[in-house]
Every structure is written in C-alpha cells, then in structure tokens.
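Summary of the model geometry
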Amino acid sequence: MIIAVDFDGTIVEHKYPAIGKEIPFAIATLKQLQAEHHRLILWSVREGALLEEALEYCRSRGLEFYAANCNYPEEPMVENPTSTCRKLKADIFIDDRNLGGLPDWGVIYTIIHEKRSWESYWREVYLSGEDKREERRTFWQRFLNR
C-alpha cells in the first residue's frame, strides 16, 4: 500500500516549527511497515528547510521516505504550494488530525498488517464481551447512548 504519514503530532509531538519528541513506537512501526513493502510518503505542512529538517530527523533514525509532499520522488516541487493542491494518491493517511485523533501506533500497525478496517477493529476490541445486541444498534444510537 501507499501510506501518507504526517510528521508533527504523528511521528513526533506537535512542537512546530521545532521538532518534538518522538511519539512512542512511531519510527519503529513505520520501519516495520516499510520492511513489509509498504511505500511511505511524508505528508506534511513543512516545506523548504523545515521539511528537510524533518526528513533528516527520520533518516538519522533509519527511516527513509519514498517521497515527501509528492506522489513520487521525481515529481517537481511546486514553487508556491498554497496556489496548487498537494493531493496525494495514497491508500491510507496517518495523521493526528483524523476524526477521533491518532490511534496508538500498535493499533495502526495491526489494522494495516491485518488489512482490517477501523470499524472491524473497533467492534472486536470495544464490543467484545458485551451484549451482542449492541452491534445491531446504529452508530447514532450508540453515540447518543440510546
């Protein structure tokens, strides 16, 4: 799969423009996904020197991305990224700004490695041992606790 990964708040704690501490198991998980032949793209608001700083941070820990802020390494960098869309062609986006926030890196790995959906993982973990009638309730019924 092609996996687009945010940097600030996802790989490291959010301290932009500085680089925060690594979020536990982020680099190790991404390296394992690469070892399993997934293609990783760094997908960040960072550009120029700040982007290079993030890439070097990862390189120094043994993580090399296929591309950064583009779909493939040969893709030309845009002079003014605010005037064009940096839409990536990725199968999965890992970002701390996801609805519900960033899951634990162990959960992220399990979902990708086992080719599962978030919903199936959630049902197994959060509904295990509960009355199975809970599964028949709609999302909104569960959300509103009705």
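Residues numbered from 1 in each chain as written. Predicted model: local features only at pLDDT ≥ 70, side-chain atom pairs only at ≥ 80, totals over all residues. Heavy atoms only, no water.

Right, let's talk about the overall build of the protein chain for a bit. A count of helical and extended segments in the protein chain gives six helices and four strands. Reading the protein chain from its N terminus to its C terminus gives the helix and strand order β-α-β-α-β-β-α-α-α-α. Counting over 146 residues, the protein chain shows a buried share of 35%. Of all intrachain contacts in the protein chain linking residues separated by at least 6 positions in sequence, the fraction that spans at least 24 positions is 63%. (Helix = DSSP H or I, 4+ residues; strand = E, 2+ residues; numbered from the N terminus. Buried < 20%, exposed > 50% of the residue type's maximum accessible area, 1.4 Å probe, protein only. Contact = heavy atoms within 4.5 Å.)

Let's shift gears to the side chain of Asn69. Mapped onto the secondary structure, Asn69 falls in the loop between β3 (67-68) and β4 (92-94). For Asn69, a relative accessible area of 6% corresponds to the buried category. Separated by 2.9 Å, the side chain of Asn69 and the backbone oxygen of Arg46 make a polar contact. (Polar contact = N/O pair within 3.5 Å; in protein donor to acceptor, adjacent residues only side chain to side chain.)

A separate point is the packing of helix α1 (residues 26-35) against helix α3 (residues 105-113). As a packed pair, α1 and α3 sit with axes 9 Å apart at the nearest point and diverge in direction by 15 degrees. Between α1 and α3, the angle falls in the class roughly parallel. Judged by the twist between their axes, the crossing of α1 over α3 is right-handed. For the pair α1 and α3, contact is made by Ala26, Thr29, Leu30, Gln32 and Leu33 and by Trp105, Tyr109 and Ile112, respectively. (Axes fitted to C-alpha atoms, helices over the stretch in contact; angles between N-to-C directions. Parallel < 35°, antiparallel > 145°, perpendicular 65-115°, else oblique. Left-handed = near helix turned anticlockwise from the far one by under 90°.)

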